[in-house]
Amino acid sequence: REEAKPAADLMAAGGAAAPPPPPTVPVEAPGARAGFRREQEDRWLEGQIPALKGLTPRQAAADPTRREELEALLWEFDRMQPPPGALTFDTSRLRSLLGLPGR
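Residues numbered from 1 in each chain as written. Predicted model: local features only at pLDDT ≥ 70, side-chain atom pairs only at ≥ 80, totals over all residues. Heavy atoms only, no water.

Caption draft 1: Summary view of the overall build of the chain. Helix and strand content of the chain: five helices and zero strands. Put simply, the chain has 103 residues, and 18% of those count as buried. Considering only intrachain contacts with a sequence separation of at least 6, the fraction spanning at least 24 residues in the chain is 48%. In the form shown here, the chain has an accessible surface area of approximately 7600 Å², with 56% of it arising from carbon and sulfur atoms. (Helix = DSSP H or I, 4+ residues; strand = E, 2+ residues; numbered from the N terminus. Buried < 20%, exposed > 50% of the residue type's maximum accessible area, 1.4 Å probe, protein only. Contact = heavy atoms within 4.5 Å. Areas by Shrake-Rupley, 256 points an atom, 1.4 Å probe, with all protein chains shown as cover.)

Caption draft 2: Fine view of the pattern of salt bridges. Applying the stated criterion across every chain yields a total of eight salt bridges. Here E46 ties to R58 by a salt bridge, and the two come within 2.3 Å at their closest N and O atoms. Taken together, the positions of E46 in helix α2 (residues 30-46) and R58 in helix α3 (residues 57-62) put the pair twelve residues apart, joining distant regions of the chain. R58 sits in the partly exposed class, given a relative accessible area of 35%. Where R79 meets E76, a salt bridge forms, and the shortest distance between an N and an O atom there is 2.5 Å. Taken together, the positions of R79 and E76, both in helix α4 (residues 67-79) and three residues apart, correspond to about one turn of that helix. You can call E76 partly exposed: its relative accessible area is 41%. (Salt bridge = Lys/Arg side-chain N within 4 Å of Asp/Glu carboxyl O.)

Laid out in structure tokens, this is it:
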């Protein structure tokens with residue numbers, strides 16, 4: 001017989017501690033955070049994105065038939081609710097670099 005139990009219950013029963021939260025960049029390092037975010041944004045602009053059918057965001061912005069998909073993806077980024085302290089993309093900067101209208 002199989003039985004499903006929440007992972008928290010299993011860890012409590014076994015005395016195991018909950019896994020630590022993912023590491024975040026210290027708040028004391030705003031310059032480092034900003035630089036890291038820009039680097040990640042720049043990499044994203046040049047990376048092949050599955051949601052864009054393998055195109056890079058720059059390629060999608062240049063293709064009138066894919067531009068709407070790119071804009072929808074950026075709107076999804078805007079709607080995301082990241083955990084406190086998480087680094088997120090500056091979608092205004094991305095839109096500017098891609099020649100897209102602001103939100």
